[in-house]
Amino acid sequence: MAYAKKSYGQHFLTNEAIAEKIANGLEVFKDIRHLVEVGPGRGMLSKYLVPHYTSLALIDADKDMIAVLQQDPLFAGCQLIHHDFLKLDLAELFGNELLYVIGNFPYNISSQIVFKMIENRQIIPGMVGMFQKEMANRIAHAPGSREYGVISVLTQAYYEVEYLFTVNEGNFNPPPKVKSGVLRFTRRPELHLDCNEVLFKSLVKTCFLQKRKMIRNSLKGLLPIETLQKPFFDQRPEQLRVEDYVLITRQVTDHQQDRRIHLIDPPM
């Protein structure tokens, strides 16, 4: 039997009912043709997926876990892939076809999996995953809460996030030191924001670098002084919605464009 490895952040789920409940989180998605499970381990969650999804890829960076799955006839019809999910070219592997993602994600790479989803949002309409509870809260919380941060904004810009349920430590072997939370991500209709998305991401990170200060402190030099004196800029980063960050991005873009025009064609 393959044992959990600390280097891979493995905590094997042992509760059958919870495994089935996680699998059931996919039921709202009616058009699943391709499903990817990240970090299947010994297949606890996988066995609840096999009966329902004919195109199921199980991806694990641990070759010992892939070997365990290869020996189980239940997974004979699955695509077993020994690879680091974060390094895979998903569009190349699945031919740009839509695919959904599920998994009991290793805590040490769970945020990176979310960003991988966002980067591949054109082919990933939805995902269900288990995270460390603190991380799940940070991703799912709405503006105005202490947990709301960079990953909240960047994820909610492209996906609706639902906190489904909490999983206690005793449901794993070895048990983690913290609780877990299961999230469901549903892609928003618009794949792109109405702004410069590279600048949007940079501005969100910049604002949260000074989380306890009003956002005008983070935006000095990026917007005119008279603009920054408006009451809107009295707010702190965790108070702003995605739409607010989009608005700021557009304002900064317009201001930069105006400055370039004046440099190129100075007034007479």
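This write-up is about the structure you can find in this document. Here, residues in each chain are numbered from 1, in the same order as that chain's written sequence. Per-residue local features of the predicted model are confined to residues with pLDDT of at least 70, and side-chain atom pairs are confined, for both listing and counting, to 80 or more; whole-chain, interface and lining totals are unaffected and use all residues. In computing side-chain properties, one takes all heavy atoms of the structure into account and sets aside hydrogens as well as water.

Once that is clear, we can look at the side chain of S218. Numbering goes from the N terminus for both helices and strands, where a helix is a DSSP run of H or I of at least four residues and a strand is a run of E of at least two. For S218, the position within the fold is in helix α8 (residues 215-218). Take S218: its relative accessible area is 9%, and that puts it in the buried class. Throughout this description, buried means an accessible area under 20% of the type-specific maximum (1.4 Å probe, protein chains only), exposed means over 50%, and partly exposed covers the range between.

Bringing the environment of N173 into the picture now. As for its placement among the helices and strands, N173 is situated in strand β8 (residues 172-173). Judged by relative accessible area, which is 41%, N173 ranks as partly exposed. Sequence separation of N173 and L191 is 18 residues, and the distance between their C-alpha atoms is 39 Å.

Okay, the sheet that holds strand β6 (residues 126-132) next. At least two bridges found by DSSP between two strands is the condition for calling them paired. Read from one edge to the other, the open sheet built from seven strands follows the order β4-β3-β2-β5-β6-β9-β7, with strand pairing classed as mixed. The open sheet is flanked by β4 (79-82) and β7 (159-167), the only strands paired with a single partner. Direction aside, the axes of adjacent strands within the sheet are offset by 20° on average. Pairing between β6 and strand β9 (residues 180-187): seven bridges, direction antiparallel. For Q132, the partnering residue across the bridge sits in β9 and is S180. Contacts were defined at the residue level, with two residues in contact if any of their heavy atoms lie within 4.5 Å. Only C-alpha atoms enter the line fits that serve as axes; for helices the fit covers just the stretch in contact. Angles between N-to-C directions range over 0 to 180 degrees. Lying over the sheet, helix α1 (residues 16-24) contacts β5 (100-104), β6, β7 and β9, oriented at roughly 170° with respect to β7. Contacts from helix α4 (residues 110-119) reach β2 (35-38), β6, β7 and β9, with the element oriented near 165° to β6.

Attention now goes to unusual backbone geometry. The amide bond that connects N173 to the next residue, P174, takes the cis arrangement and shows omega of -10°. Counting through the fold element by element, P174 comes out in the loop between β8 and β9. The residue N96 is not glycine, and still its phi comes out positive at about 65°. Looking at the secondary structure, you find N96 in the loop between α3 (90-94) and β5. With relative accessibility at 55%, the residue N96 sits in the exposed group.

On the secondary structure map, L45 appears in the loop between β2 and β3 (56-60). Sequence separation between L45 and E27 is 18 residues; the distance between their C-alpha atoms is 15 Å. The contact partners of L45, leaving out residues within four places of it in the chain, are A19, I22, A23, E37, I102, G103 and N104.

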